[in-house]
Amino acid sequence: MLIGPSAALADWISPESGGSPNADKVDTLYTIVLCMGIVIFVLVEGLLLYSIFKFRARRRGPQPAQVHGNTRLEVGWTVAAAVIVLVIAGITFAFLGGIKNPPSSSPTGLQGASGVQLATVGALKTPSGKALHIDVNGQQYIWRYDYVDQPRLTENRPVYAYYRMVVPTDTTVILKLNASDVIHSWWIPRLGGKADATPGHDNYTWFKIPGKYAGQIFKGQCAELCGEGHADMRAEVQALPPDQFKAWFERQRNDLLASQKALAAQRKAGVGQ
Amino acid sequence: MTTTEYVAERPIAAVPRPEVVLHGLRERPRGWLEWLTTTDHKKIGILYLYSTFIFFLIGGVEALMMRLQLAVPTNTLLTPKAYNAVMTMHGTTMVFLFVVPVLAGFGNYFVPLMIGARDMAFPRLNALSFWLLFFGGIVFYVSVFFHPPTAGWTMYTPLTEEAFSPGGGVDAWIFLIHLTGLSSLVGAVNFVATIHNMRAKGMGWARMPLFVWSILIYSYLLILALPAVAAGVTMLLTDRHLDTGFFNPANGGDPLLWQHLFWFFGHPEVYIMVLPAFGMISEVIPVFSRKPIFGYKAIAASTAAIAFLGMLVWAHHMFTTPTATVVLAFFMLSSFTIGVPTGIKIFNWLATMWRGSLVFKTPLYFACGFLAQFVIGGISGIMLAVFPVDWQLHDTYFVVAHFHYTLFGGAIFGLFAGLYYWFPKMSGRLMNETLGKISFWLMFIGFNTTFLVQHAAGTSGMPRRIYTYYSTSGWEGYNLVSTIGAFILATGVLLTVINLIRSIKHGQKAGNDPWKANTLEWFTTSPPPENNFDVVPRIRSAEPMKDIRRDVAAGGRAAGSVAQPVAPGT
Ligand SMILES: [Cu+2]
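Residues numbered from 1 in each chain as written. Chains lettered and ligands numbered in written order. Predicted model: local features only at pLDDT ≥ 70, side-chain atom pairs only at ≥ 80, totals over all residues. Heavy atoms only, no water.

**Here's the deal with the overall build of chain A**
No. 1: Per the secondary structure count, chain A includes four helices and ten strands.
No. 2: Element order for chain A, N to C, with α for helix and β for strand: α-α-α-β-β-β-β-β-β-β-β-β-β-α.
No. 3: Computed over its C-alpha atoms, the radius of gyration of chain A comes to 26 Å, more than 25% above the 19 Å expected for a compact globule of 273 residues.
No. 4: Its C-alpha atoms give chain A principal-axis dimensions of roughly 105 × 45 × 35 Å.
No. 5: Every one of the 273 residues in chain A was classed for burial, and the buried ones make up 49%.
No. 6: For chain A, the share of sequence-separated contacts (at least 6 apart) that also reach a separation of at least 24 residues comes to 64%. (Helix = DSSP H or I, 4+ residues; strand = E, 2+ residues; numbered from the N terminus. Rg over C-alpha atoms; globule rule 2.2 N^0.38 Å. Buried < 20%, exposed > 50% of the residue type's maximum accessible area, 1.4 Å probe, protein only. Contact = heavy atoms within 4.5 Å.)

Set out below in structure tokens:
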């Protein structure tokens, strides 16, 4: 697929990719635009260098011809510039669907990942409606993840985690982003572009990690200055095969329930004294 | 100031008796008091240039502090708080206290001279405009001793609300925006009035120097863009202290409103910073190519086009916010359209040099550096305008590299070209060419070493505005190279400062027109007398000095009519 060429370039002149199809497509789009840019770069720098070496003033050289302009030439490069940006616009729109719209989960993905979320304006939907939905909340200086369409702790409280988000492979994961204090920006470079987590607004993004990355951890960090700890507001996404994800989820749920119980007991003991 | 009237005729006198009537004659203050009270556009221009260059050096030291902190991973040279403060001061200083006002400084000195005027239209307003800037800078920098602001030069809400940014730093920044904004507004009105009304006889719009064109459009842009940020910072001030909640979601406000208001000003601000540098390049390249500018009208028109389109692209700074895709697409397309007039300019400059007779003095070195670097900033700008690509690049070091290529590689190299070009007119002496060229090469190498690798740091996932990073990030090499480059760049800048200070006293005498230039400021002495010109020749083309030199070479009447004052009524 696209992973071959992008992996070769990924390291330094193009964005990170190879964790999700949207990241791969952004990488390809970037590379196309970069190549067009390089052509223009070579043209302009070439003309500049040629002029610098070729047209140096010479002693007793003739006075250069006093040309004031050339309408045909000027119209020519105006049209050429317009055509180039139109072509880039066309290519962008051709790529946009694959970057913006999440595909459905694969048959090998998490089963029972439902699409029962309420469809709100701007919310992302897969063609089949099936995806794993996670609400991401940015706080100074940590990320919180609520697994909203999975079995819950209590009726109103979904299972949650901080810092490390564990997700199943081959499953489309749709993130709903929000923040509870200041603006943060969710970004795991290899899983696609960033999306701001803004208080008072919901923002959406998605990723879908292929099965071959099972066990891998994708790292990223907050991309919007959010205060003193901005540089330390990191995040991880761990991809697990669906069955292992289920096992992790159960463990996480039980751990949370246990600690909840312990906390309640402690409170009771505290009140009793 | 003295007002002298020669009253030639009075009905009662049989013989015309010249009479001098004096109004409010005061002795002109001397020494530092003269500088405090001056309303001479040239002195005000010099005040602007000195103050803004001092702010440039302060902003540069802040940049070096950041580069030192980031030179190695997990460095502890600066605390996170100190780093954020230095980062905020650097951006604010460079934008509001250096690039925008230094251009006003050059404009102040040279617009009246280039259009053959005696002074600006409103000399006292002109002085006010400088002192507002000066006190804006003081108010801001005093916060260093209390609570310097730490939220970045963009001051995004709600981070800048009282709850998250207590202390006076944000308020100091708000007052800086108020004062420097008022300064720019007053200055812009003055430029507009001056340029519209005070051009020499015969200087129609199509004969106006391109630098004057760029200052005119810079002024209009300031007038259009500043009210948005003035309103924005006032709302922020009331949010912080009167609980108005414009930007506070807890009070029913919206943090995105701040971003819209800020960038509605902030993006035109980018063109405000770069258009006058374009204007300087449009003056320098033809003079040192010994050829007229190629496509004068296209360059003037593209300046206006960039300004107009520049008002319609602000939300390309907001591609990662929760915003409808159709809006993102609009702002991508509008941003693309700016590539067209910018491309026109670049090709016109290249065509001006083409088959010219290039005289490689320091100003042309900087102009070529400008061209070589600005084109990189332009290309990366188009890449960033592709909004799905921006989702990856936004708020990374790729963006930091991009805007330094336009603002340092472009605007600042452009105004260094202008500085070396116009220094002889301002001081009467030439700057040292050897030192100037060494300074250029150090700046050119240093600049590209600092910022080229930052593109790679950004695409490798390094966000901007982080005070540290891990040694496992893969960014260590880029950052070390960048820090080394920054010190080379700083050495280059320092050499120009030394050159400047030395040349004021010891430079070679320049004479009126050391470069065989095209525009009217070279018609008068260097430095010009207080009244600028005893007589202004009638303008017959966009290159009046060329006409004058031709007339002088031809000898006879034409030259005489230029050199001698013409009696009124003849
Ligand atoms: Cu954050």
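**Notes on the overall build of chain B**
No. 1: Secondary structure assignment for chain B yields 16 helices and two strands.
No. 2: Here the C-alpha atoms of chain B give a radius of gyration of 25 Å, agreeing with the 25 Å that 2.2 N^0.38 yields for 570 residues.
No. 3: If one aligns the C-alpha atoms of chain B with their principal axes, the spans along those axes are about 90 × 55 × 50 Å.
No. 4: Taking as baseline every contact in chain B between residues at least 6 positions apart, the subset at least 24 positions apart corresponds to 80%.
No. 5: For chain B, the exposed surface amounts to about 20900 Å²; the carbon and sulfur share of it is 68%.
No. 6: One way to put it: in chain B the 36 positive side-chain charges average out to a point 13 Å from where the 27 negative ones average out. (Areas by Shrake-Rupley, 256 points an atom, 1.4 Å probe, with all protein chains shown as cover. Lys, Arg positive; Asp, Glu negative; His and termini not counted. Charge placed at Lys NZ, Arg CZ, Asp CG, Glu CD.)

**Let's talk about unusual backbone geometry**
Peptide bonds are mostly trans, and most non-glycine residues show a negative phi.
All names here are of chain A.
No. 1: The step from Gln-140 to Tyr-141 runs through a cis peptide bond, and the omega angle for that step is -5 degrees.
No. 2: With respect to the helices and strands, the residue Tyr-141 is situated in the loop between strand E1 (132-139) and strand E2 (142-147).
No. 3: Here Tyr-163, not a glycine, exhibits a phi torsion of approximately 65 degrees, which is positive.
No. 4: Considering the arrangement of structural elements, one finds Tyr-163 in the loop between strand E3 (159-162) and strand E4 (164-168).
No. 5: Even without a glycine there, the phi angle at Asp-170 is positive, about 55 degrees.
No. 6: Residue position: Asp-170 is located in the loop between E4 and strand E5 (172-179).
No. 7: Asp-170 gets classed as buried once you look at its relative accessible area, which sits at 17%.

**Some details on the coordination of the copper ion**
No. 1: Within the first shell, the copper ion binds the protein through His-184 of chain A (ND1), Cys-222 of chain A (SG), Cys-226 of chain A (SG) and Met-233 of chain A (SD), at distances of 2.1 to 2.5 Å.
No. 2: Metal-centred angles of 85 to 127 degrees between the four donor atoms at the copper ion mark the site as tetrahedral. (Donors = N, O, S within 2.8 Å, 3.2 Å for Na, K, Ca; no water. Tetrahedral: all angles 85-135°; square planar, octahedral: opposite > 155°, others 65-115°.)

**Concerning the interface of chain A and chain B**
No. 1: Taken together, the contacts link 77 residues of chain A with 85 residues of chain B.
No. 2: For the pair chain A and chain B, the summed buried surface comes to about 6600 Å²; carbon and sulfur atoms form 70% of the total.
No. 3: The largest per-residue losses of area from chain A upon contact with chain B belong to Phe-55, Trp-77 and Leu-225 of chain A, which jointly make up 10% of the total buried on that side.
No. 4: Across the contact surface, chain A and chain B share zero salt bridges.
No. 5: For the pair chain A and chain B, the number of links is 18 residue pairs in polar contact (both at pLDDT 80 or more).
No. 6: Considering each element in turn, the side of chain A that touches chain B owes the most residues, 17 residues, to helix H2 (residues 21-54) of chain A.
No. 7: Each residue belonging to the side of chain A that touches chain B can be placed in one class, and the counts come to 43 nonpolar, 19 polar and 15 charged. (Buried area = accessible area lost by both parts, 1.4 Å probe. Salt bridge = Lys/Arg side-chain N within 4 Å of Asp/Glu carboxyl O. Polar contact = N/O pair within 3.5 Å; in protein donor to acceptor, adjacent residues only side chain to side chain. Nonpolar A, V, L, I, M, F, W, Y, C, P; charged D, E, K, R; others polar.)

**A short note on the sheet that holds strand E10 (residues 234-240) of chain A**
Each strand in a sheet pairs with another by means of backbone hydrogen bonds, the pair being arranged parallel or else antiparallel.
Residues and elements named next belong to chain A.
No. 1: With respect to topology, three strands assemble into an open sheet ordered E4-E10-E9, the strand pairing being mixed. Edge positions in the sheet fall to E4 and strand E9 (217-221), since each has one partner strand and no second. Each adjacent strand pair in this sheet contributes to an overall mean axis angle of 20 degrees, direction not counted.
No. 2: With five bridges joining them, E4 and E10 adopt parallel strand pairing. Following the sheet pairing, Pro-168 is matched in E10 by Leu-240. (Pairing = 2+ DSSP bridges. Axes fitted to C-alpha atoms, helices over the stretch in contact; angles between N-to-C directions.)

**Side note on the pairing of E1 of chain A**
Residue and element names in this part refer to chain A.
No. 1: Of all eight residues in E1, seven are buried; the element is thus mostly enclosed.
No. 2: Sheet topology note: the E1/E5 ladder contains seven bridges and is parallel. Note on E5: the bridge partner recorded for Asn-137 is Asn-178.
No. 3: Bridge count between E1 and E2: six bridges; the pairing is antiparallel. Counterpart to Asn-137 in the pairing with E2 is Arg-144.
No. 4: The loop that links E1 with its antiparallel partner E2 comprises two residues.

**Here's the deal with the nonpolar core**
No. 1: By size, the foremost hydrophobic cluster in this structure holds 247 residues, and its most contacted members are Met-165 and Trp-186 of chain A together with Phe-106 of chain B.
No. 2: For this core, the element with the most residues is helix H3 (residues 80-114) of chain B, which contributes 20 residues.
No. 3: For this core, the two domains that each supply at least three residues are domain 1 (9-54 + 71-100) and domain 2 (110-272) of chain A.
No. 4: Every residue in contact with Phe-106 of chain B, bar those within four places of it in the chain, is listed here: Leu-49, Val-111, Phe-211, Met-280, Leu-415, Gly-418, Leu-419, Trp-422 and Met-426 of chain B.
No. 5: Core analysis: the next-biggest nonpolar cluster, separate from the first, contains five residues, Leu-124, Ala-131, Tyr-204 and Trp-206 of chain A among them. (Core = buried A, V, L, I, M, F, W, Y, C linked by side-chain atoms within 4.5 Å. Domains from an automatic or database assignment.)

**Focus on the domain arrangement of chain A**
Residues and elements named next belong to chain A.
No. 1: With domains assigned, chain A is organised as domain 1 (9-54 + 71-100) and domain 2 (110-272).
No. 2: Each partner contributes residues to the interface: domain 1 has eleven residues there, and domain 2 has twelve residues.
No. 3: A buried area of about 860 Å², summed over both sides, lies between domain 1 and domain 2, and 52% of it is on carbon and sulfur atoms.
No. 4: Looking at the side of domain 1 facing domain 2, the largest losses of area belong to Glu-16, Gly-19 and Asn-22, adding up to 41% of the total buried there.
No. 5: Counting the contacts that link domain 1 with domain 2 gives zero salt bridges.
No. 6: Contributing elements (two or more residues each) for the side of domain 1 that touches domain 2: H2 and helix H3 (71-100).
No. 7: When its residues are assigned to classes, the side of domain 1 that touches domain 2 shows three nonpolar, six polar and two charged.

**As for the side chain of Lys-345 of chain B**
All names here are of chain B.
No. 1: By the secondary structure assignment, Lys-345 is in helix H9 (residues 325-353).
No. 2: For the buried Lys-345, no salt bridge is present, and the opposite-charge side chain at shortest range is Glu-283, 11 Å distant.
No. 3: Here the side chain of Lys-345 touches Thr-303 through a polar contact of 2.6 Å, side chain to side chain.
No. 4: Apart from residues no more than four positions distant in its own chain, Lys-345 is found in contact with Phe-278, Ile-299, Ser-302, Thr-303 and Ile-306.

**With respect to helix H7 (residues 255-289) of chain B**
All names here are of chain B.
No. 1: For H7, built from 35 residues, the straight-helix expectation of 51 Å at 1.5 Å per residue is met to within 8% by its first-to-last C-alpha distance of 51 Å.
No. 2: Along its length, H7 shows its largest kink, about 30 degrees, at Trp-263.
No. 3: Burial analysis of H7 places 31 of its 35 residues in the buried class, the great majority of the element.
No. 4: The backbone nitrogen of Leu-256 has a side-chain oxygen 2.8 Å away, supplied by the residue at the start of H7, namely Asp-254. (Expected span 1.5 Å × (residues − 1). Bend = angle between axes of the 7 residues up to and from the residue.)

**Here's the deal with the sheet that holds E1 of chain A**
Residue and element names in this part refer to chain A.
No. 1: On the basis of which strands lie adjacent, the open sheet formed by five strands has the order E3-E2-E1-E5-E8 and mixed pairing. This sheet does not close on itself; its edge strands, each paired only once, are E3 and strand E8 (203-208). Across this sheet, the average inter-strand angle for adjacent strands is 25 degrees, counted without regard to direction.

**Let's talk about the packing of aromatic side chains**
No. 1: Considering all chains together, one arrives at 77 aromatic pairs over all chains under this definition.
No. 2: Ring centres of Trp-131 of chain B and Phe-134 of chain B lie 5.4 Å apart, and the angle between their planes is 75 degrees; on these two criteria the pair is classed as edge-to-face. Note that Trp-131 of chain B and Phe-134 of chain B are positioned in helix H4 (residues 123-142) at a spacing of three residues, about one turn of the helix.
No. 3: For Phe-134 of chain B, a relative accessible area of 28% gives the class partly exposed.
No. 4: With a centroid separation of 5.4 Å and an interplanar angle of 70 degrees, the aromatic rings of Phe-278 of chain B and Trp-349 of chain B are classed as edge-to-face. With Phe-278 of chain B in helix H7 and Trp-349 of chain B in helix H9, the pair connects residues that are 71 residues apart, well separated along the chain. Of the two residues, Phe-278 of chain B and Trp-349 of chain B, neither departs from the other in class, the shared state being buried.
No. 5: It is Arg-234 of chain A that lies over the ring of Tyr-470 of chain B; its NZ or CZ is 3.6 Å from the centre.
No. 6: When the ring centre of Trp-205 of chain B is taken as reference, the NZ or CZ atom of Arg-199 of chain B above it lies at 4.0 Å. (Phe/Tyr/Trp six-rings, centres within 6.5 Å; stacked < 30°, edge-to-face > 60°. Lys NZ or Arg CZ within 6 Å of the ring centre and 35° of its normal.)

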